[in-house]
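Spelled out from the first residue to the last, the chains are:
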Amino acid sequence: MPPAERNDGDTGSTAEPVDAKAHTLCHHCGGFGAAPAPVLAVVGGVGRTATASRACGLCDDVGRLPGIVPPL
Ligand SMILES: [Zn+2]
């Protein structure tokens, strides 16, 4: 029997195709669902950089991408 036609038989596996449930953590936000955005803040009269959260445009705030997506 060719390898492509083998199944798990004795194990009783009910494996589904990998791409049906696989997902990839978002490359932009790392799975957090929001991306850090540097903003200007004035603290004590001195301007400095602060970090704010901004909606992730790549994953629509879900934190993961459907299927297997390589980083580009
Ligand atoms: Zn994201």
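This text goes with the structure placed above it.
This section reports on the structure supplied with the text. Numbering of residues begins from 1 in every chain and follows the order in which that chain's sequence is written. Only residues with pLDDT of at least 70 are given local features in this predicted model, and only at 80 or more are side-chain atom pairs given and counted; all residues enter the totals for whole chains, interfaces and linings.

### Observations regarding the overall build of the chain
The helix and strand inventory of the chain stands at zero helices and four strands. Working definition: helices are DSSP H or I runs of at least four residues, strands are E runs of at least two. Numbering for both runs from the N terminus. Tracing the chain from N to C terminus, the helices and strands come up as β-β-β-β. When burial is assessed residue by residue, the chain has 6% of its 72 residues classed as buried. C-beta atoms are first placed from the backbone for all residues, and any pair lying within 7 Å is then listed as a contact. For the chain, contacts bridging at least 24 residues in sequence account for 58% of all contacts bridging at least 6. Partly exposed residues are those whose C-beta has more than 12 but fewer than 20 other C-beta atoms within 10 Å; with 20 or more the residue is buried, with 12 or fewer it is exposed, and the C-beta atoms are placed from the backbone.

### Section: the pairing of strand β2 (residues 34-43)
Within β2, only zero of the 10 residues are buried, leaving the element largely exposed. Strands are treated as partners if at least two bridges between them are detected by DSSP. Note that β2 and strand β3 (residues 46-55) share 10 bridges and pair antiparallel. Its bridge partner lying in β3, Val39 is registered against Ala50. Turn length for the β2-β3 hairpin, with the two strands adjacent in sequence and antiparallel, is two residues, and the turn residue Gly44 shows positive phi of about 65 degrees.

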